[in-house]
Amino acid sequence: MNTNPFGQFLIRSYLVIFLFFLLAPLAIMGGAALNDAPFPSVYPWTGFTDRWFIALWNDDRMWIAVRNTVLVAISVVVLAVPVGTAAAILVNSVAPRVRGFLYGVMVAPILTPGVVIGISTLLFWNSFSVPAGLWLSALGQVSYIAAYVMLLVLARLQSFDHLLEEAALDLGASHFQVVRRILLPHLYPALGAGVFISFFQSVENFNVTLFTRGYSETLTIYIFSQVRAGISPVINALAFGLIILTIVGAVLYEFSRQRVAKRRTAKAGAAS
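Because the structure is predicted, anything quoted here is derived from the model rather than measured.

Undergrad: In this structure, what is going on with the overall build of the protein? I would like to understand it.
TA: Within the protein, the regular secondary structure consists of 11 helices and zero strands. Taken from the N to the C terminus, the helices and strands of the protein come in the order α-α-α-α-α-α-α-α-α-α-α. For 272 residues, the compact-globule estimate of 2.2 N^0.38 gives 19 Å, and the C-alpha radius of gyration of the protein, at 24 Å, exceeds that figure by more than 25%. Each principal axis of the C-alpha atoms in the protein carries an extent, and together these give about 75 × 65 × 40 Å. Charge centroids of the protein, computed over 17 positive and 11 negative side chains, lie 5 Å from each other.

Undergrad: Would you take a moment to explain the packing of aromatic side chains for this structure?
TA: When we look at a pair of aromatic rings, we describe it by the centre distance and by the angle of the planes. One pass over the full model with this rule turns up 10 aromatic pairs. Geometrically, the ring pair formed by Tyr14 and Phe18 is stacked, given 6.3 Å between the ring centres and 20° between the ring planes. With Tyr14 and Phe18 both in helix α1 (residues 5-34), this residue pair falls four residues apart, about one helical turn. Relative accessible area serves as the criterion here: at 59%, Tyr14 is assigned to the exposed category. When its relative accessible area of 39% is taken as the criterion, Phe18 is described as partly exposed. Three or more aromatic residues link up through ring pairs in this structure, and these residues are Phe124, Trp125, Phe128 and Trp135.

Undergrad: Explain the pattern of salt bridges here, please?
TA: Pairing of side chains with opposite charge becomes possible as their charged atoms draw close. Applying the stated criterion across every chain yields a total of one salt bridge. Notably, a salt bridge pairs Glu217 with Arg61, separated by 2.7 Å at the nearest N-O pair. Of this pair, Glu217 sits in the loop between α9 (207-212) and α10 (219-229) while Arg61 sits in helix α3 (residues 60-93), placing them 156 residues apart in sequence. By relative accessible area, which is 15% here, Glu217 ends up buried.

Undergrad: How should I be thinking about the environment of Ile197 in this particular structure?
TA: Looking at the element boundaries, Ile197 is found in helix α8 (residues 175-203). Sequence separation of Ile197 and Val153 is 44 residues, and the distance between their C-alpha atoms is 12 Å. Ignoring anything within four residues of it in the chain, the contact list for Ile197 reads Tyr148 and Leu152.

Undergrad: Please explain the side chain of Gln141 as it appears in this structure.
TA: Here Gln141 lies in helix α6 (residues 134-157). Apart from residues lying up to four places away in sequence, Gln141 is in contact with Val72, Val76, Ser202, Asn205, Val208 and Thr209.

Undergrad: Can you walk me through unusual backbone geometry in this structure?
TA: If a residue is not glycine, its phi is most likely negative; likewise, a peptide bond is most likely trans. With a phi close to 60°, Ser129 is a non-glycine residue in the positive phi region. With respect to the helices, strands and loops of the structure, Ser129 is situated in the loop between α5 (114-126) and α6.

Undergrad: Just to check I follow, could you spell out the environment of Pro82 for this structure?
TA: Relative to the helices and strands, Pro82 resides in helix α3. Assessed through its relative accessible area of 46%, Pro82 is described here as partly exposed. Separated by 122 residues in the primary sequence, Pro82 and Glu204 place their C-alpha atoms 21 Å from one another.

Undergrad: Could you clarify how one ought to interpret the nonpolar core in this entry?
TA: Nonpolar side chains tend toward joint burial in soluble globular proteins. Judged by nonpolar contacts, the single largest core of 18 residues is most densely connected at Ala88, Met150, Val153, Leu157 and Leu187. Of all the elements in the fold, those that place two or more residues in this core are α3, α4 (96-111), α6 and α8. Counting residues in each nonpolar core, the second largest holds 11 residues, with Val142, Tyr144, Ala146 and Val208 among its members.

Undergrad: Would you take a moment to explain a positive patch on the surface for this structure?
TA: Together, Arg259, Lys262, Arg263, Arg264 and Lys267 make up a positively charged patch on the protein surface. Mapped onto the elements, Lys267 comes out in helix α11 (residues 233-271). Classification of Lys267 as exposed rests on a relative accessible area of 63%.

Undergrad: Can you walk me through α6 in this structure?
TA: Spacing of three or four residues puts side chains on the same side of an α-helix, whose turn is 3.6 residues. Here α6 contains 24 residues, and its C-alpha end-to-end distance of 33 Å stays within 8% of the 34 Å for a straight helix at 1.5 Å per residue. At Ser143, α6 shows its maximal kink, close to 40°.

Undergrad: In this structure, what is going on with the side chain of Thr209? I would like to understand it.
TA: Mapped onto the fold, Thr209 is located in helix α9. Setting aside residues up to four positions removed in sequence, Thr209 forms contacts with Ser137, Gln141, Thr218 and Ile221.

Undergrad: Even after reading the chapter, I still don't get the packing of α3 against α6, so can you show me in this structure?
TA: The axes of two packed helices give the description: the angle between them and the distance between them. Closest axis-to-axis distance for the α3/α6 pair is 6 Å, and the angle between their directions is 40°. By the angle between their axes, α3 is oblique relative to α6. The handedness of the crossing between α3 and α6 comes out as right-handed. The class makeup of the residues in the contact of α3 with α6 is 21 nonpolar, six polar and no charged.

Parameters at a glance
Residues numbered from 1 in each chain as written. Predicted model: local features only at pLDDT ≥ 70, side-chain atom pairs only at ≥ 80, totals over all residues. Heavy atoms only, no water. Helix = DSSP H or I, 4+ residues; strand = E, 2+ residues; numbered from the N terminus. Rg over C-alpha atoms; globule rule 2.2 N^0.38 Å. Lys, Arg positive; Asp, Glu negative; His and termini not counted. Charge placed at Lys NZ, Arg CZ, Asp CG, Glu CD. Phe/Tyr/Trp six-rings, centres within 6.5 Å; stacked < 30°, edge-to-face > 60°. Buried < 20%, exposed > 50% of the residue type's maximum accessible area, 1.4 Å probe, protein only. Salt bridge = Lys/Arg side-chain N within 4 Å of Asp/Glu carboxyl O. Contact = heavy atoms within 4.5 Å. Core = buried A, V, L, I, M, F, W, Y, C linked by side-chain atoms within 4.5 Å. Patch = residues over 30% accessible without salt bridge, like charges linked within 9 Å, V, L, I, M, F, W, Y side chains within 5 Å. Areas by Shrake-Rupley, 256 points an atom, 1.4 Å probe, with all protein chains shown as cover. Expected span 1.5 Å × (residues − 1). Bend = angle between axes of the 7 residues up to and from the residue. Axes fitted to C-alpha atoms, helices over the stretch in contact; angles between N-to-C directions. Parallel < 35°, antiparallel > 145°, perpendicular 65-115°, else oblique. Left-handed = near helix turned anticlockwise from the far one by under 90°. Nonpolar A, V, L, I, M, F, W, Y, C, P; charged D, E, K, R; others polar.

Structure, rendered in structure tokens:
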């Protein structure tokens, strides 16, 4: 720890500047959603209002976009988690000479621009006379989101003791039983993280969805169309609501994590 007063001052100043840079735009956006002004701003302040939230609540188009977004995100989770997990197990089990090449091929979609993935997905399926739509958006997103799941599972597999598998097989367990009772329980934390990352990566996706959605609309496309037509405080209200949901989710997760940690500590104390 730095005991130099000047060093501590620099660290604290950097922390304040960093938090200000991070939170100031969010505070301004939230203030614009509560300001009774036709143009989204906090100055001049004309008074508090909730009419932008009411207009957002009554926007049927927005709710349809939310429904489509959730459906696509759930589909991406259902497809990306098994595909990414299988890819991680495959990469971890092949010979070291092949592993590097296979790893590079499977990670490549992450490094590919979303525009390229979206256009490639559309052209590929159009060659089979398959029209664009929400399910095509899900397939396009899976092609790179599965790579995130693969990286998470690969990191978890580094701490897996393969002697447990050999011992279980020697004792008469089948390969399916080894996977279900030994491997998957070890991978549960990575799989849980993969579910959340897949879901939120799908929710925020824009480039792939833009080229593959057809005539359907997701939340990111809805926001894009609203901003293109002119900035409205309704968009600020939507963004403010998403920020509140994110904060509430983070707080609930932290409370849940602390509760689980206390239970584990209590069980460990009772066992000792």
